[in-house]
Amino acid sequence: MGVLTDGFSHVCPNDPEAYARLMIEQKRILATSIPGPKSQAMQQRKLATVSAGVGTGLPVYIEAAQDGILRDIDGNQLIDFGSGIAVTSVGNGNQRVIDAVQRQIADFTHTCFMVTPYEEYLDVCERLAALTPGEHEKRSALFNSGAEAVENAIKIARVATKRQAIVAFDHGYHGRTNLTMALTAKNMPYKDGFGPFASEIYRVPMAYPYRWPTGAEHCLEEAFDGFVAQVQAQVGEDNVAAVIIEPIQGEGGFIVPPDGFLTAAAQWCRDAGILFIADEIQSGLCRTGDWFAVDHEGVVPDLVTTAKGLAGGMPLAGVTGRAELMDAVHTGGLGGTYGGNPVACAAAIAALDSMQEDELCAKARAIEDTILPRLKEIADKTGVIGDIRGRGAMLAIELVSDQVAKTPNAALTAAVNKACHARGLVTLTCGTYGNVFRFLPPLTIAEDLLHEGLDILDEAFTEALA
Ligand SMILES: Cc1ncc(COP(=O)(O)O)c(CNCCCC(=O)O)c1O
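Description of the structure in this document. Since the model is a prediction, treat every value here as computed from it, not as a measurement.

Attention now moves to the pattern of salt bridges. In total, this model carries 17 salt bridges according to the counting rule given. For Arg 438, the salt bridge identified is with Glu 251, shortest N-O distance 2.8 Å. With Arg 438 in strand E16 (residues 436–439) and Glu 251 in the loop between strand E7 (240–245) and helix H9 (261–272), the pair connects residues that are 187 residues apart, well separated along the chain. When sorted by exposure, Arg 438 lands in the same class as Glu 251, which is buried. Across the pair Arg 423 and Glu 463 runs a salt bridge whose closest N-O atoms are separated by 2.7 Å. Remark: Glu 463 occurs in helix H14 (residues 447–465) and Arg 423 occurs in the loop between helix H13 (410–422) and strand E14 (425–426); sequence separation between them is 40 residues. Since its relative accessible area comes to 43%, Glu 463 is described here as partly exposed.

So, in structure tokens, the structure goes:
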């Protein structure tokens, strides 16, 4: 069998058995209504056994998945534009990841790196040191979730600087633990009722060009000046341990700061002895067309958090930073039972191999080239899209009911999302105002599926606006 070119290039090209085992035809199939009867029945089980606090965006229960397709228990095959919230960048069914996990899980599943360590953890740290921005000596620590990585990045920053204050941005999202909720800007559903929250967190306006009060052309200069002024007024730069920012904000609405903002903010932090933390959990690891979103401006953070796509779907997260900062922590100050689980680490090495060898950064840029023109067509046709933004395969549209007042249209956003789901396209929304429709397809999705998904989006707008 020759090398497969229809989005399966990461499957062993000359292993028919592997191909046959993994092969889910990359084709949308609507066998029933969405959700189908079996999913509806299983959803009743969910309601009877899972906390109501755990939401479900699209209650179709999945039995298999590969690249751009999710197959549910009713036999439907859905096109995936969500990647499980920017996680399966290398694609479900990635042969490298499967082989690595099968090998590792047969060797051992867990010993606790703090008790008896193992090489796989070191391999991941060495890869992160090589891939994250900057030629300086680096260290990493591995965890299980993004929030855990952010929590530990803050711990490291505080110990290393002997300062306590942390600066976060409007529209920022950093997790659902107590400290990361304090860093997160949106109340519902993330924070409401869960307080009190961690102290010494200060919030500053985000450089949000589309909604900058005096116009996008003034955003860079005024947002930077405002950032400095607010830090000085609210807390004083000498008291700030770190500034944390998502280079492209995720849950807050895929907000892309104007070119130069990250550079200016990072330089100001360096001059003030404040650590610059890039939270690349959603934007990192080829998602935006670069290894890290900060690479777009050539910014070198002091600490970088990673998770989501890092291990191809297995739970793994990390903090990677300047050696002198990471080593400032007393021995035993970082850790956790499962942190850097060996099976997740093996998956991560395989996923990073796939990103490198399958050239997934280039694939992300190709996805951008496919999606953006189609979004512009829909914007021109409907007149309800106020902004199109993002990079690579991290793209979004902001829906408004008035182009001048830029009135967020959350109802239309939800209606389009629902219409996509009914047609077998898995899509996600986000944004502080609930009016951002985001695109996060697996980087291994075939181009014809991308186009079919965008056709569905077009139909969904037509239906929602009828
Ligand atoms: C930038 C950024 N930092 C941190 C996190 C947190 O990562 P965890 O692995 O979800 O803890 C995220 C997770 N984003 C998706 C959250 C989904 C939800 O919980 O509703 C992120 O995007």
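So that's the structure; there's more coming.
Below, the discussion takes up unusual backbone geometry. At the junction of Met 188 and Pro 189, the peptide bond is cis and its omega measures out at 10 degrees in the coordinates. If you trace the backbone, Pro 189 turns up in the loop between helix H7 (178–183) and strand E6 (201–204). Put simply, Gly 195 and Pro 196 share a cis peptide bond, and its omega is 5 degrees. For Pro 196, the position within the fold is in the loop between H7 and E6. For His 171, which is not a glycine, the phi torsion comes out positive at approximately 70 degrees. Looking at the secondary structure, you find His 171 in the loop between strand E5 (165–169) and H7. Although it is not a glycine, Cys 286 sits at a positive phi angle of roughly 75 degrees. Among the secondary structure elements, Cys 286 is positioned in the loop between strand E8 (275–279) and strand E9 (303–306).

Bringing a negative patch on the surface into the picture now. A contiguous patch of negative charge, built from Glu 217, Glu 221, Glu 222 and Asp 225, is present on the exposed surface. Tracing the backbone through its elements, the reader meets Glu 217 in the loop between E6 and helix H8 (219–234). In this structure Glu 217 comes out as exposed when scored by relative accessible area, which is 62%.

Here we take up the packing of helix H4 (residues 95–107) against helix H11 (residues 342–357). Put simply, H4 and H11 touch, their axes get as near as 8 Å, and they point 155 degrees apart. Looking at the two axes, H4 sits roughly antiparallel to H11. Remark: the crossing between H4 and H11 carries right-handed chirality. In contact with Arg 96, Val 97, Ala 100, Val 101, Gln 104 and Ile 105 of H4, H11 contributes Pro 342, Val 343, Ala 346, Ala 347, Ala 350, Ala 351, Asp 353, Ser 354 and Glu 357. When its residues are assigned to classes, the contact of H4 with H11 shows 10 nonpolar, two polar and three charged.

A word on the site of the ligand. Looking at the ligand, there are 15 residues lining it, with Gly 146, Ala 147, Arg 176, Asp 279 and Gln 282 nearest. Here Tyr 173 contributes a side-chain N or O atom positioned 3.5 Å from an oxygen atom of the ligand. A distance of 2.6 Å separates an oxygen atom of the ligand from a polar side-chain atom of Arg 176. Of the residues assigned to the shell around the ligand, the class counts are five nonpolar, five polar and five charged.

As enumerated under the stated definition, the model contains zero disulfides in all. Looking at Cys 345, it has no disulfide partner, and the nearest cysteine sulfur is the one in Cys 125, 7.3 Å off. Judged by its relative accessible area of 0%, Cys 345 falls in the buried class. Of all cysteine sulfurs, the one in Cys 430 lies closest to Cys 420, which takes part in no disulfide; the gap is 14 Å. Using a relative accessible area of 0% as the deciding quantity, one classes Cys 420 as buried.

What counts as what
- Residues numbered from 1 in each chain as written.
- Predicted model: local features only at pLDDT ≥ 70, side-chain atom pairs only at ≥ 80, totals over all residues.
- Heavy atoms only, no water.
- Salt bridge = Lys/Arg side-chain N within 4 Å of Asp/Glu carboxyl O.
- Helix = DSSP H or I, 4+ residues; strand = E, 2+ residues; numbered from the N terminus.
- Buried < 20%, exposed > 50% of the residue type's maximum accessible area, 1.4 Å probe, protein only.
- Patch = residues over 30% accessible without salt bridge, like charges linked within 9 Å, V, L, I, M, F, W, Y side chains within 5 Å.
- Areas by Shrake-Rupley, 256 points an atom, 1.4 Å probe, with all protein chains shown as cover.
- Lys, Arg positive; Asp, Glu negative; His and termini not counted.
- Charge placed at Lys NZ, Arg CZ, Asp CG, Glu CD.
- Axes fitted to C-alpha atoms, helices over the stretch in contact; angles between N-to-C directions.
- Parallel < 35°, antiparallel > 145°, perpendicular 65-115°, else oblique.
- Left-handed = near helix turned anticlockwise from the far one by under 90°.
- Contact = heavy atoms within 4.5 Å.
- Nonpolar A, V, L, I, M, F, W, Y, C, P; charged D, E, K, R; others polar.
- Near = heavy atom within 4 Å.
- Polar contact = N/O pair within 3.5 Å; in protein donor to acceptor, adjacent residues only side chain to side chain.
- Disulfide = S-S within 2.5 Å.

Coordinates in, geometry out; function isn't part of it.
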